[in-house]
Amino acid sequence: MRVRACVHACLLLCVYEIIEDSPTSSELRAFGAFPPTGHIWLDNVHCTGREASLADCLSNGFGVSDCRHTEDVGVVCTQKRIPGFHFISTSSNDVETLDVRVEDVRIRATFSQRKRIPITEGFVEVKDAGKWRQICDEWWSPMNSRIVCGMHGFPGEKGFNTRSYRLLSARRKKNYWGFSVNCTGNEAHLSTCRMGKHRLMGNSTCARGMPVVVSCVPGRLFAPSQSLGFRKAYRPEQPLVRLRGGGNLGEGRVEVLKGGVWGTVCDDNWDLRAATVVCRELGFGTAKEALTGARLGQGMGPVHMNEVECSGFEKSLTECYFNRDALGCSHEEDAAVRCNVPAMSLRSRLRLSGGRNPYEGRVEVLVERNGSMVWGTVCSENWGMIEAMVVCRQLGLGFASHAFQETWYWPGDVSADSVVMSGVRCSGTEMSLAQCLHHGKHLSCPKGGGRFAAGVSCSDGAPDLVLNAELVEHTTYLEDRPMYMLQCAHEENCLASSAAMADTSSYRRLLRFSSQIHNNGRADFRPKAGQHAWIWHECHRRHYHSMEVFTHYDLLSLNGTRVAEGHKASFCLEDTECDEGIPKRYACANFGQQGITVGCWDTYRHDIDCQWIDVTDVKPGDYIFQVVINPNYEVAESDYTNNIMRCQCRYDGYRIWTYNCHTGGSRSSDVNEFPGIMTNQLQRR
């Protein structure tokens, strides 16, 4: 976008005219447009937003100001145009710029390819006044095809057999759209391209051409494989960019890899063009939204990129211009994206039935039985949060908030009571429940369906617990504690099994440390059980356990064998501290509500019971110290990979050193070091 400044001697006002003439038309930059000299004409400007000109806004009056040029203002415009906006075009092409509303666009496959999923090739049709119309290809360009493919969830376009489509179109009745399209190739949607009236050629609207056809290249996640169909649990090579914290396919917080460490992107200047580069890089189409303000949760670790500017044609976000200095950026400004993804028809084979709202209900799947398609239920045996997550994602309902093994209170469709799927076990990355492991045709469900069918409830947001690895590293130490002072801890299984035979006068060697657990998600972390189900413990301080197992503490050999372990029941989940401006909501005092608010953290000090690993029986050597939060997936989270933390440690029989502590998924090496990082799943116990 070019900014032209005209100073009129009478108006004494800078007038900016937006001229659409370059690929960088998504932004208006007035910063530094003029040298910091001359008069300052306006001060204390107050606009309602309905004025046609800045001169119509209230102000001190022209020339009345006490400002300095260090206070000069600038603007950055979004890509969204207000209704009635008309482009001013100075380009010498054959496309006249018009304000045309594009209702909808589709790729209509030929009859022989309509059963293919996703549809990657076909005629381009535009919905106009409720009717689908073709576009004449006389003025069509590869850049137009790039945009059509992008808005349908595909990262690129390719060639196709023109002759077969020309023969096919000759036999069809055509109804052409009355406009031509001219895209630069970096737009997010066809509606943002320039439009022009199509010139009539005799009695035909497309005398020398035919209807536009596009052929798109699907991303690797959606590309069919002859042996496996769609890749069930896509395991990519080590990427440079990834998405985290999104509830649906193709959305999440943007993270980039630098120096082997994952970090976030600051949202300064973050726009659709940069977001589209991310989406295409990851095998999706163009971006639907460029999200700012940590809309999809806050990350941890460094902020690697700031003030990103992309042309839209980069192969990777790392090729865009950016400011390496992220000074002043916090994780409250983490950038995120929502990408266009191909239509996979995933929702047509799954539904929720009987719930109070569309976000909950009994899970019912559509399967083939005896040559016909029938709806049925899913066996609830071993049904858990990971499986529920896949269901909610498949239906486009975000995250799972609960996984139910009894659904008698949801009166589903009686004709769908029969169990048609059993033994379901998901890794967490599947696009549909059918891609999870299950029994196939040989069902096994002792409880049967009906009231014991699987169910879910879904939510737009989910918590995300992350352990402060640095605090763990700085607070580890050894303590020898007499057995007679550990009776309550022994009752709660916080000691090694050898403690059962230990004399009360003996000592146990404890590896102590502090833990600080942050909620960086978009919903509060609440215990699975309600207050009525909390368990009262008489021991030390008399308290309720809201989650019997909240964390696992393990000491592992270098080959991963467990040599010592501990666990921490959540006898108190509360907001110890919060970020500035966020009030504490949960406190344990007086049988209060337990939980961790978004933007707050719960601190377990090193000197409280069970905040340790009993290493009495451990021999000197090198080990791995591991902490896992929410290990049984009792509570849904947006990202389970960062629930695990590992440190390297050395024990000489008297002292212990811990170093190199980091959370799962924070480094490139975690793919091999942490099991389950690529599948968003930890090891089940």
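Just above sits the structure.
Not measured: the values here are computed from a predicted model.

How each quantity is defined
Residues numbered from 1 in each chain as written. Predicted model: local features only at pLDDT ≥ 70, side-chain atom pairs only at ≥ 80, totals over all residues. Heavy atoms only, no water. Helix = DSSP H or I, 4+ residues; strand = E, 2+ residues; numbered from the N terminus. Buried < 20%, exposed > 50% of the residue type's maximum accessible area, 1.4 Å probe, protein only. Contact = heavy atoms within 4.5 Å. Areas by Shrake-Rupley, 256 points an atom, 1.4 Å probe, with all protein chains shown as cover. Salt bridge = Lys/Arg side-chain N within 4 Å of Asp/Glu carboxyl O. Disulfide = S-S within 2.5 Å. Core = buried A, V, L, I, M, F, W, Y, C linked by side-chain atoms within 4.5 Å. 1 Å grid on protein atoms, 1.4 Å probe; cavity = no way out; pocket = protein on both sides within 12 Å on 5 of 7 lines; lining within 4 Å. Points joined across faces, edges and corners; volume = space filled by probe spheres on them. Nonpolar A, V, L, I, M, F, W, Y, C, P; charged D, E, K, R; others polar. Phe/Tyr/Trp six-rings, centres within 6.5 Å; stacked < 30°, edge-to-face > 60°. Lys NZ or Arg CZ within 6 Å of the ring centre and 35° of its normal. Pairing = 2+ DSSP bridges. Arc of directions from axis to C-beta. Polar contact = N/O pair within 3.5 Å; in protein donor to acceptor, adjacent residues only side chain to side chain. Lys, Arg positive; Asp, Glu negative; His and termini not counted.

**Q** An account of the overall build of the protein chain is needed here, citing residue identities and associated values.
**A** Within the protein chain one finds seven helices and 38 strands. Burial statistics for the protein chain: of 685 residues in total, 48% are counted as buried. Counting contacts in the protein chain only where the partners sit at least 6 residues apart, residues at least 24 apart contribute 70% of the total. Accessible area for the protein chain stands at about 33,700 Å²; split by element, carbon and sulfur atoms hold 51% of it.

**Q** Which residues make up the pattern of salt bridges, and what values go with them?
**A** Summed over all chains, the structure comprises 22 salt bridges. Between E125 and R106 there is a salt bridge, with the nearest N and O atoms lying 2.6 Å from each other. Of the two residues, E125 sits in strand β4 (residues 121-128) while R106 sits in strand β3 (residues 104-108), which places them 19 residues apart along the sequence. For R362, the salt bridge identified is with E364, shortest N-O distance 2.7 Å. Both residues of the pair, R362 and E364, count as buried. Salt bridges here are not isolated pairs; linked through shared partners, they connect R351, R362, E364 and D417.

**Q** Explain helix α1 (residues 142-151) to me, using residue names and the numbers behind them.
**A** With respect to burial, α1 is a largely interior element, eight of its 10 residues being buried. The complete set of buried residues in α1 reads N144, S145, R146, I147, V148, C149, G150 and M151. On its buried face, α1 sits against β3, β4, β6 (156-158), β7 (179-182), β9 (213-217) and α3 (272-281).

**Q** Give me the state of the cysteines: which residues, what numbers.
**A** Taken as a whole, this structure holds 12 disulfides when the rule is applied. At a sulfur-sulfur separation of 2.1 Å, the disulfide partner of C149 is C216. Note on the C149 and C216 pair: the S-S dihedral is about -85°, so by sign convention the disulfide is left-handed. Of this pair, C149 sits in helix α1 while C216 sits in strand β9, and the two are 67 residues apart along the sequence. What pairs with C379 in a disulfide is C445, and their sulfur atoms sit 2.1 Å apart. As the torsion about the S-S bond is roughly 85°, the C379-C445 disulfide counts as right-handed.

**Q** Kindly report on the nonpolar core, identifying the contributing residues and their values.
**A** Taken as a class, soluble globular proteins show a tendency for nonpolar side chains to be buried jointly. Among the nonpolar cores identified, the biggest contains 32 residues, and V363, V378, W383, V391, L433 and V456 are the most heavily contacted of them. Listed by contribution, the elements that provide at least two residues to this core are β19 (350-354), β20 (360-369), α4 (385-394), β22 (399-404), β23 (419-421) and β24 (455-459). Ranked by residues supplied to this core, first place goes to α4 with seven residues. Setting aside anything within four residues of it in sequence, one finds V378 in contact with V363, V365, W383, M421, V424, L433, A453 and A454. Formed by 31 residues, the second largest nonpolar core is a distinct cluster that contains Y553, Y604, I608 and C649.

**Q** Residues and numbers for the environment of L240, please.
**A** As for its placement among the helices and strands, L240 is situated in the loop between β11 (229-230) and β12 (241-244). Its relative accessible area of 42% is what places L240 among the partly exposed residues. As for L240 and W262, which are separated by 22 residues in sequence, their C-alpha atoms are 8.8 Å apart. The contact partners of L240, leaving out residues within four places of it in the chain, are E255, V256, L257, W262, E281 and T318.

**Q** How would you summarise the environment of V598 if you had to cite specific residues and measurements?
**A** Tracing the chain through its elements places V598 in the loop between β33 (577-578) and β34 (600-604). Judged by relative accessible area, which is 27%, V598 ranks as partly exposed. Sequence separation between V598 and R522 is 76 residues; the distance between their C-alpha atoms is 6.3 Å. Here V598 is in contact with N519, G521, R522, A523, D524 and I582, once residues within four sequence places are set aside.

**Q** I'd like to hear about empty space enclosed by the protein, residue by residue, with values.
**A** Considering all chains together, one arrives at four cavities of 30 Å³ or more under this definition. What the second largest cavity holds in volume is close to 40 Å³. Lining the second largest cavity are G245, R253, L296, G297, A462, D464, N520, G521, R522 and S638. Here the lining of the second largest cavity is composed, by residue class, of two nonpolar, five polar and three charged.

**Q** Mind laying out the packing of aromatic side chains, listing which residues take part and the relevant values?
**A** Inspection of every chain in the model, using the stated rule, returns 13 aromatic pairs. Over the ring of W132 we find R106; its NZ or CZ atom is 4.2 Å from the centre of that ring.

**Q** Describe the sheet that holds strand β25 (residues 465-467), listing the residues and the values that go with them.
**A** An order of β25-β28-β34-β33 is seen for the four strands of this open sheet, with the pairing classed as antiparallel. Sheet topology places β25 and β33 at the edges, where each strand pairs with a single neighbour.

**Q** Let's hear about unusual backbone geometry: which residues, and what values?
**A** Note that the residue after I117, namely P118, is joined by a cis bond; omega there is -5°. Along the chain, P118 falls in the loop between β3 and β4. Its identity as a non-glycine residue notwithstanding, N44 has a phi of 55°, on the positive side. Counting through the fold element by element, N44 comes out in the loop between β2 (14-19) and β3. By relative accessible area, N44 is classed as partly exposed at 44%. With a phi angle near 65°, N269 is a residue other than glycine that sits in the positive phi range.

**Q** Can you explain helix α2 (residues 162-170)? Please cite residues and give values.
**A** Three or more residues of α2 are buried, namely Y165, L168 and S169. An end-on view of α2 places all buried positions within 95° of arc, on one side of the element. Facing away from the buried side of α2 by over 90 degrees, the exposed positions are R163 and A170. One side-chain oxygen at the N-terminal end of α2 lies 3.2 Å from the backbone nitrogen of R163; it belongs to N161.

**Q** Hey, could you go over the side chain of D267 for me, with residue numbers and the actual values?
**A** Its place among the elements puts D267 in the loop between β14 (261-265) and α3. For the buried D267, no salt bridge exists, and the shortest N-O distance to an oppositely charged side chain is 9.6 Å, to R295. A polar atom in the side chain of D267 sits 2.8 Å from the backbone nitrogen of G293. In contact with D267, not counting residues within four places along its chain, are T292, G293, E333 and A335.

Honestly, it's all geometry; don't read function into it.
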